[in-house]
Amino acid sequence: MRKNSIKNTRINGEVLRELSNIIRGEIKDPRINPMTSVVTVEVAPDLKTCKAYISVLGDEESQQATLAGLKSAEGFIRSKLAKTINLRKTPEIKFILDQSIEYGVKMSKMIDDVTKDIEE
């Protein structure tokens, strides 16, 4: 199976959906920010590993606490994923903090500030 095949794309979408449901509804860790979203998921073609890019709305301390909470709940998340998704192997999940949304908001604010000065 190639990395960008239709089958791999469908698996990525299904893992993304189920991972979002598990993080939002089933994890009771107080370190995990309620404004945590799964941006994208990349499952390796051999189904052994999975990179989950997450975005956390909050300060740096909240982001690091959420990442620590997700890493500690990795086994629970993997077992829930195995029960809901019928795959040959359940991938090992690696959580990566994605700051692209935060970067986009910051750049948009900077552009608005610059254009506001021009209009005046």
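Structure's up top.
Residues numbered from 1 in each chain as written. Predicted model: local features only at pLDDT ≥ 70, side-chain atom pairs only at ≥ 80, totals over all residues. Heavy atoms only, no water.

### Overview of the overall build of the chain
Here is step 1 of the chain: A tally of helices and strands in the chain yields four helices and three strands.
Here is step 2 of the chain: Along its sequence from the N terminus, the chain presents helices and strands in the succession α-β-β-α-α-β-α.
Here is step 3 of the chain: The C-alpha atoms of the chain give a radius of gyration of 17 Å, which is well past the 14 Å a tight globule of 120 residues would have.
Here is step 4 of the chain: Expressed along its principal axes, the backbone C-alpha trace of the chain runs to roughly 60 × 35 × 20 Å.
Here is step 5 of the chain: The buried share among the 120 residues of the chain stands at 33%. (Helix = DSSP H or I, 4+ residues; strand = E, 2+ residues; numbered from the N terminus. Rg over C-alpha atoms; globule rule 2.2 N^0.38 Å. Buried < 20%, exposed > 50% of the residue type's maximum accessible area, 1.4 Å probe, protein only.)

### Quick look at a positive patch on the surface
Here is step 1 of the chain: Taken together, the side chains of Lys-7, Arg-10, Lys-48, Arg-88 and Lys-89 present a region of like positive charge at the surface.
Here is step 2 of the chain: Relative to the assigned elements, Arg-10 resides in helix α1 (residues 6-25).
Here is step 3 of the chain: By relative accessible area, which is 63% here, Arg-10 ends up exposed. (Patch = residues over 30% accessible without salt bridge, like charges linked within 9 Å, V, L, I, M, F, W, Y side chains within 5 Å. Areas by Shrake-Rupley, 256 points an atom, 1.4 Å probe, with all protein chains shown as cover. Salt bridge = Lys/Arg side-chain N within 4 Å of Asp/Glu carboxyl O. Lys, Arg positive; Asp, Glu negative; His and termini not counted. Charge placed at Lys NZ, Arg CZ, Asp CG, Glu CD.)

### A look at a negative patch on the surface
Here is step 1 of the chain: Taken together, the side chains of Asp-59, Glu-60, Glu-61 and Glu-102 present a region of like negative charge at the surface.
Here is step 2 of the chain: Among the structural elements, Asp-59 can be located in the loop between β2 (49-56) and α2 (60-72).
Here is step 3 of the chain: Asp-59 gets classed as partly exposed once you look at its relative accessible area, which sits at 48%.

### A few points about the side chain of Ser-55
Here is step 1 of the chain: When you line up the elements, Ser-55 lands in strand β2.
Here is step 2 of the chain: Residues within four places of Ser-55 in sequence aside, it is in contact with Met-35, Thr-36, Ser-37, Val-39, Asp-98 and Ile-101. (Contact = heavy atoms within 4.5 Å.)

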